[in-house]
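Inside the fold
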Amino acid sequence: MSLRDLSVLYLIAGLACAVAVYRASPGDRRRAALSAALCVPLWPIWAPVALTARRAEPGGSPGTAAAAARVQGALREGVSACAGTSFEALLSREAASRIEAEVTRAAARHAELDALLRQSGFDEAAAAARVAEIERGGAGSGRALATAHLHLENIRRLRAMRDRDARALEELADLVQALRTQLVLARFAGSTVEGVGGIVSEVWARVEGLGVAMDAHGGAGYEEPIET
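Conventions used here
Residues numbered from 1 in each chain as written. Predicted model: local features only at pLDDT ≥ 70, side-chain atom pairs only at ≥ 80, totals over all residues. Heavy atoms only, no water. Salt bridge = Lys/Arg side-chain N within 4 Å of Asp/Glu carboxyl O. Helix = DSSP H or I, 4+ residues; strand = E, 2+ residues; numbered from the N terminus. Buried < 20%, exposed > 50% of the residue type's maximum accessible area, 1.4 Å probe, protein only. Expected span 1.5 Å × (residues − 1). Polar contact = N/O pair within 3.5 Å; in protein donor to acceptor, adjacent residues only side chain to side chain. pLDDT = per-residue confidence, 0-100. Contact = heavy atoms within 4.5 Å.

**Regarding the pattern of salt bridges**
Two side chains bearing opposite charge may form a pair once their charged atoms approach each other closely. Here the structure, examined in full by the defined rule, presents 13 salt bridges. Residue R162 is joined to D114 by a salt bridge in which the shortest nitrogen-to-oxygen separation is 3.6 Å. Here D114 lies in helix α4 (residues 93–117) and R162 lies in helix α6 (residues 142–189), a separation of 48 residues in the sequence. As far as the burial class goes, R162 and D114 line up, both buried. As a salt-bridge pair, D163 and R162 come within 3.0 Å of each other at their nearest N and O atoms. The buried category is assigned to R162, whose relative accessible area is 2%.

**A few points about helix α5 (residues 124–137)**
Compared with the 20 Å implied by 1.5 Å per residue over 14 residues, the 20 Å span of α5 between its first and last C-alpha is a close match. All of the buried residues in α5 are E124, A125, A127, A128, A129, V131, A132 and I134. Among the residues of α5, the N-terminal cap falls to D123, whose side-chain oxygen and the backbone nitrogen of A125 are separated by 2.9 Å.

**Focus: the confidence of the model for the chain**
Mean pLDDT over the chain works out to 77, with 72% of the residues at or above the 70 mark. Confidence, read as mean pLDDT per element, is least for helix α2 (residues 29–55) in the chain (65) and greatest for α4 (90). Here residues 54–60 scores under 50 on pLDDT; set against residues more than four positions off or in separate chains, the count is 13 contacts. In this model, residues 224–228 is a region of pLDDT below 50 whose contacts with residues beyond four sequence positions or in other chains number 10 contacts.

Next comes the structure, spelled out in structure tokens:
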């Protein structure tokens, strides 16, 4: 196959990727057109970044708020189920309040990160495009390239934090709901305290892990790119 044939195939692939990126891009049509235009010459690099970034846009805060509400509802039902029984010491109202407070804090942090990452200055696709643009510039762009890479890496770290918080809250919500059903079952089936203790311990381990992650987030600030 000749170089000309390869060039034609490369262009066709770039145009196909450009169409896919444009159709997959929500919102601002001008921004979608720019992203699609970048795909024509840079489709092997740009298309995976643009398409992945669009799919990764979060359901974010609404989903996390729903998870927090699931935790709170299940906790209240669990407390009611074990009130006045031998299980009450495992899930008292005070313990449930502590868990709710930690979940509320985590949900607020997630919402803050989610809002931040929706701002134009934290667009992963745009940051990756800037890296690609500088790399095409060749010699003399070392400092600018290092800055662009730092900016992109910071955005990816923030996204990872946000997504980790969302997963942790969803998993905790599932676990607390399981605890609620186990407490209800124990109340009516006359199960022993030991049968409930394991899942209660797991809930506390998840809550403590959530708190540790939140404290780590508080100490891991966004690193501003170096001015060039």
